[in-house]
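Chains, contacts and geometry: an overview
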Amino acid sequence: MADRVRVRGVTIHRPIIYGNVAVVLAPEEKALLPPNLSDHTHRWTVAVRSAASPPDSNTVGGADDLSYFLKRVTFKLHETYPNPSRSIDKPPFEVTETGWGEFEVQIRLNFVTESGEKGITCYHHIKLHPWTLNPEEALNPNLELAAKLGPVHSWQYDEVVFNDPFQNFLNILVSHAPTALPKTKRKPVPFHVTTLTQEAIEVAKGAGAPEFTQEMEKEEGERIEQAKKQVIAEQDKWRAMLIEKEKELEKLQKLIAEQQAT
Amino acid sequence: MAGPSASDVRAALSLGEPSSSTPPHASATPLARKPSLRKPEGMPRELYQLIGPSAPTLIEQFAKPQLKQKPNLGSGGGAGQDGNAVAGSSKVKWEWRTFKNGARSDGLKLSHWVKADTDPNADYPFAKYNISTNSYVYSQDEYTRLLEDKEWTKEETDYLFELAREYDGRFYVIGDRYDFPNGSHRSLEDLKDRYYSVCRKLIRNRPWGGDEASKNQLLSSFQFDKDREVTRKQYVASLMNRTPEQIAEEESLYIELKRLEQRERRFKKDRDELLRTMLGIESGLADIPDEDGLSASASNNNLSISLSTSGLSIDTSNKKRKKGNGDVETPISATPSSSSVIQLSQPQKKQQSAKSAAYDAAQCIVRTDVPSNASSNKSAHTPVTLRSFKIPFIKSSNQQKVTQLLAELKISNQRLVMPTRDNLAKLEGLMEAANALIDTKKLVDKVEMDLNVARARLGMAVEGGEADAAPAGGSASASGAGGQAGVETQTPGAMDVDEDAEGEQEDPVDASGRGQSVVSTRSTRSRKQARRSMSISSVDTAATGAGNKKRKR
């Protein structure tokens, strides 16, 4: 029973990613589809994986087996799919399907019994078409061009945070240290497609899958810091202005008082 | 007999012969003859003989001191010296030249001597030493929120900050000049305490651009403990005012204490020895400190250091104490066992944490201090979450504006690419800063409105009082303010843009443009024109002004 003691003051997290990869179906693949699915254009895989990518592979993430803390992952697909609620009890925690449209998948993570935790839910919008960071400049390449661009990736990094874990669960977690994210980018591909130039296509071709790096985290952190500095500089300016105006107001009010007195 | 000579002294003290190559007698004989010739004046013969063979070096010291060679200042005269003649060929010319001191704001022209070959347009090299301290200012809102103090009014605080700014934070000057009308007496410590506490509060509560460490560093530079400072000064004063009797008494007490301790130690040693020889055991009686006296000497040194830094001349007793440290104990370390335990355990703990930090990082473990009163019931437990669920959320009514502002900075407050702990903390900081910025902007708008109302009222008042020639000072400043009001009302579009772009964060053009136009109206327009614009402003704000007019008349 000593194992069932919560270790106070300890917060432990495990980096995960969830998201999807999609490829345009080749004509011969399309021919193999049953007639009622003939309008499907893409094959996609939605998955929950560990954040780090295995070396020399074309998958995004998945360097570690997450089944030491994940008991079951349930993907709730669009209702038009047959039995849309797909529960996966052992790794890899992923569902592969064909389809023609993007939709939102509900992903429910259930944890091993040792954790004593309830499941948590997150959502992912399945991306089939090349996308950009800025939704306004959406590019809608036709299927042939999109096929040339290679697989479309859309992944979200996240961390599963356990607070005050039970001792035995903590032991389990600690015996499975997560693979650290690579410090810098090893592959030139970004997660999104920025332009549809020939160059971008060349890069996308055969460069493999994108991956999450520590560099990305640092870069984002710096971006936020930068923005904060800007905001604070602005704040200082406005504060100075405010103080100046207050002084002026005070002066005017004194004047008014004087004039009313006369 | 001619007194004892150096060799006699050596013989008496059974020292070896001096390490000179010549035999002692050979050197002694010429010395014995010569002294009358070489003995410097004013030195007794006996003493001179005692000095012995090393005398010549001493004589040299008595010789006329040689001065340093005169530096060649490049005077054209050549001065007759050979070395200077060479240097003199490359004459250095000096010029009396006016210079501009970049540190001056009044543009006063002064002159100084400079080498002719220096660049006449170069900056005044000493201008860089004119550094102004970063003085803090606060808005009305900040004052009411953070800085209220029942001892101080806002006016007096303003006055203090004004003085601090004027005298660059030199508190002795500030304390000397401090004379707030109808204010209570303030000691130097009162002033410092108020000033530093206000600065600390401002730093703590304003959004901070850097990291925590630099903030703490800045905060600690504004640390001021009034009570301690007062006690320190009292202590120093009492130390200065001791009578010789008191010093002597202190001294004797101190020596007495040393003696007692020494005796105790000796007793302990004897007891240990006795136990060891009689029973063959180590006595477990470790209640008396060992002789290392490390902590004692350290603390004592600290004491003397603190004394010397506070500008005191340390009297002889202190010197003796220092000397005594090596072998005597002070009562400060009377309980060394506990203190040494603490000292030992702390570094160990630190080492451990340093070792496990890498482990924790690899395992993604964050340890926090558990509050001791934490209840172990289930409800207190925070269930498992995804990190991104913890993305900060601004609850105030500014939420939309904050989102807008962040969007302009190309940061989404809904989603991060890498929602790690650090990044979330940073995002929270950013959002707090943004929230504060928007609050400030709101306040600016409010004050702006109040200003406009005030100007409108004043404009009317001036207009009404124009016939009976308002007091010169009042009208002058009023016209300046009126001119500004006119500009404001003439360019309502600019204001609208400003207000629309609440989230807009770069509008220096707007701000500076407004400032410029104000300046230009004040400088170029005639006063009459300014008056006219004043009347325009009063017409524009007739809605607010009319009521006043009626009430006034």
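Residues numbered from 1 in each chain as written. Chains lettered and ligands numbered in written order. Predicted model: local features only at pLDDT ≥ 70, side-chain atom pairs only at ≥ 80, totals over all residues. Heavy atoms only, no water.

Below, the discussion takes up the overall build of chain A. Within chain A one finds five helices and eight strands. Walking chain A from its N terminus toward its C terminus, one meets helices and strands in the order β-α-β-β-β-β-β-β-α-β-α-α-α. Long-range pairs, those at least 24 residues apart, make up 70% of the contacts in chain A with a sequence separation of at least 6. In the form shown here, chain A has an accessible surface area of approximately 13100 Å², with 54% of it arising from carbon and sulfur atoms. (Helix = DSSP H or I, 4+ residues; strand = E, 2+ residues; numbered from the N terminus. Contact = heavy atoms within 4.5 Å. Areas by Shrake-Rupley, 256 points an atom, 1.4 Å probe, with all protein chains shown as cover.)

In terms of regular secondary structure, chain B is built from 23 helices and four strands. Counting over 553 residues, chain B shows a buried share of 31%. Excluding contacts between residues fewer than 6 apart, the proportion of contacts in chain B whose partners are at least 24 apart in sequence is 58%. Counting every atom, chain B has about 36900 Å² of accessible surface; 55% of that belongs to carbon and sulfur. (Buried < 20%, exposed > 50% of the residue type's maximum accessible area, 1.4 Å probe, protein only.)

Further remarks concern the UniProt feature "coiled-coil region" (unreviewed entry) in chain A. Mapped onto this structure's residue numbering, the UniProt feature "coiled-coil region" (unreviewed entry) falls at residues 235-262 of chain A. For residues 235-262 of chain A, helix accounts for 96% and strand for 0%, while the C-alpha atoms at its two ends are 40 Å apart. (UniProt positions renumbered as here; feature names shortened; annotations may be inferred.)

Further remarks concern the interface of chain A and chain B. Listed by partner, the interface residues are 64 residues for chain A and 78 residues for chain B. Interface area for chain A against chain B, summed over the two sides, is near 6500 Å², with a carbon-plus-sulfur share of 61%. Considering only the surface of chain A that becomes buried against chain B, Ile224, Trp238 and Lys245 of chain A emerge as the three largest contributors, covering 10% of it. For the pair chain A and chain B, the interface holds four salt bridges. (Buried area = accessible area lost by both parts, 1.4 Å probe. Salt bridge = Lys/Arg side-chain N within 4 Å of Asp/Glu carboxyl O.)

All right, on to the packing of aromatic side chains then. Here the structure, examined in full by the defined rule, presents 24 aromatic pairs over all chains. Pairing phenylalanine 162 of chain A with phenylalanine 169 of chain A gives two aromatic rings, centres 4.9 Å apart and planes at 80°, and the pair type is edge-to-face. When its relative accessible area of 1% is taken as the criterion, phenylalanine 169 of chain A is described as buried. With a centroid separation of 5.4 Å and 50° between ring planes, the pair formed by tyrosine 159 of chain B and phenylalanine 180 of chain B is classed as tilted. Here the residue tyrosine 159 of chain B occupies a position in helix α8 (residues 154-166), and phenylalanine 180 of chain B occupies one in the loop between α9 (171-177) and α10 (188-205), the gap between them amounting to 21 residues. Owing to a relative accessible area of 22%, tyrosine 159 of chain B belongs among the partly exposed residues under this scheme. Of the aromatic side chains, those joined through ring pairs into one cluster are Tyr136, Tyr138, Tyr143, Phe161, Phe171, Tyr195, Tyr196, Phe222 and Phe224 of chain B. Here the guanidinium or amino end of lysine 154 of chain B rests over the ring plane of tyrosine 143 of chain B, the centre of that ring lying 5.8 Å away. Here the guanidinium or amino end of arginine 186 of chain B rests over the ring plane of tryptophan 152 of chain B, the centre of that ring lying 3.9 Å away. (Phe/Tyr/Trp six-rings, centres within 6.5 Å; stacked < 30°, edge-to-face > 60°. Lys NZ or Arg CZ within 6 Å of the ring centre and 35° of its normal.)

Do not read the fine detail of predicted coordinates wherever pLDDT is low. All names here are of chain B. Residues of chain B with pLDDT of at least 70 account for 55%, and the chain-wide mean is 67. With pLDDT under 50 throughout, residues 20-36 is counted as low confidence; its partners more than four residues away or in other chains account for seven contacts. Between residues 288-350, whose pLDDT stays under 50, and residues either more than four places distant or in other chains, the model counts 52 contacts. Confidence estimates for the predicted assembly give a pTM of 0.56 and an ipTM of 0.84. (pLDDT = per-residue confidence, 0-100.)

In this section: the side chain of glutamine 235 of chain A. Counting through the fold element by element, glutamine 235 of chain A comes out in helix α5 (residues 214-261). Among the polar contacts listed, one links the side chain of glutamine 235 of chain A to the side chain of threonine 440 of chain B, at a separation of 3.0 Å. (Polar contact = N/O pair within 3.5 Å; in protein donor to acceptor, adjacent residues only side chain to side chain.)

Further remarks concern a nonpolar patch on the surface. Judged by side-chain polarity, Val92, Trp94, Trp96 and Trp113 of chain B come together as a nonpolar surface patch covering roughly 480 Å² of accessible area. Looking at where tryptophan 113 of chain B falls in the secondary structure, it is placed in strand β2 (residues 110-115). (Patch = residues over 30% accessible without salt bridge, like charges linked within 9 Å, V, L, I, M, F, W, Y side chains within 5 Å.)

Here the structure, examined in full by the defined rule, presents 27 salt bridges over all chains. Here arginine 43 of chain A makes a salt bridge to glutamate 29 of chain A, at a shortest N to O gap of 2.8 Å. Of the two residues, arginine 43 of chain A is situated in strand β2 (residues 42-50) and glutamate 29 of chain A in helix α1 (residues 27-32); the sequence distance between them amounts to 14 residues. Since its relative accessible area comes to 32%, arginine 43 of chain A is described here as partly exposed. Between aspartate 141 of chain B and arginine 145 of chain B there is a salt bridge, with the nearest N and O atoms lying 3.3 Å from each other. Here arginine 145 of chain B and aspartate 141 of chain B lie together in helix α7 (residues 140-147), a separation of four residues that amounts to about one turn. By relative accessible area, arginine 145 of chain B is classed as exposed at 54%. Residues participating in the shared-partner salt-bridge network are Asp236 and Arg239 of chain A together with Glu142 and Arg206 of chain B.

Now for the environment of arginine 108 of chain A. All names here are of chain A. As for its placement among the helices and strands, arginine 108 is situated in strand β6 (residues 104-111). Arginine 108 sits in the partly exposed class, given a relative accessible area of 33%. Along the chain, arginine 108 and tyrosine 123 lie 15 residues apart, while their C-alpha atoms are 8.5 Å from each other. If sequence neighbours within four positions are ignored, arginine 108 has contacts with Arg72, Val73, Thr74, Gly119, Ile120 and Thr121. Reaching out from arginine 108, the side chain makes a polar contact with the side chain of threonine 121 at a distance of 2.6 Å.

So, on to helix α12 (residues 226-240) of chain B. Note: α-helices contain 3.6 residues per turn, so residues at a spacing of three or four share the same orientation. Residues and elements named next belong to chain B. Helix length check: α12 (15 residues) gives 21 Å between terminal C-alpha atoms against 21 Å at 1.5 Å per residue, within 8%. Restricting attention to buried positions, one finds in α12 the residues Glu229, Val236 and Leu239. Buried residues of α12, viewed axially, fall in a sector of 90°; they line one side. Every exposed residue of α12 that faces more than 90 degrees away from the buried side is listed here: Asp227 and Gln234. Its side-chain oxygen at 3.3 Å from the backbone nitrogen of aspartate 227, aspartate 225 defines the N-terminal cap of α12. (Expected span 1.5 Å × (residues − 1). Arc of directions from axis to C-beta.)

For the rest of this paragraph, the subject is unusual backbone geometry. In most cases, non-glycine residues show a negative phi, while peptide bonds are predominantly trans. Omega for the peptide link from proline 91 of chain A to proline 92 of chain A comes to -5°, which places this bond in the cis form. On the secondary structure map, proline 92 of chain A appears in the loop between β4 (85-88) and β5 (93-99). Unusually for a residue other than glycine, asparagine 83 of chain A sits at a positive phi of about 25°. Mapped onto the fold, asparagine 83 of chain A is located in the loop between β3 (70-76) and β4. A relative accessible area of 57% places asparagine 83 of chain A in the exposed class. Positive phi is not limited to glycine here, since aspartate 168 of chain B has a value of about 55°.

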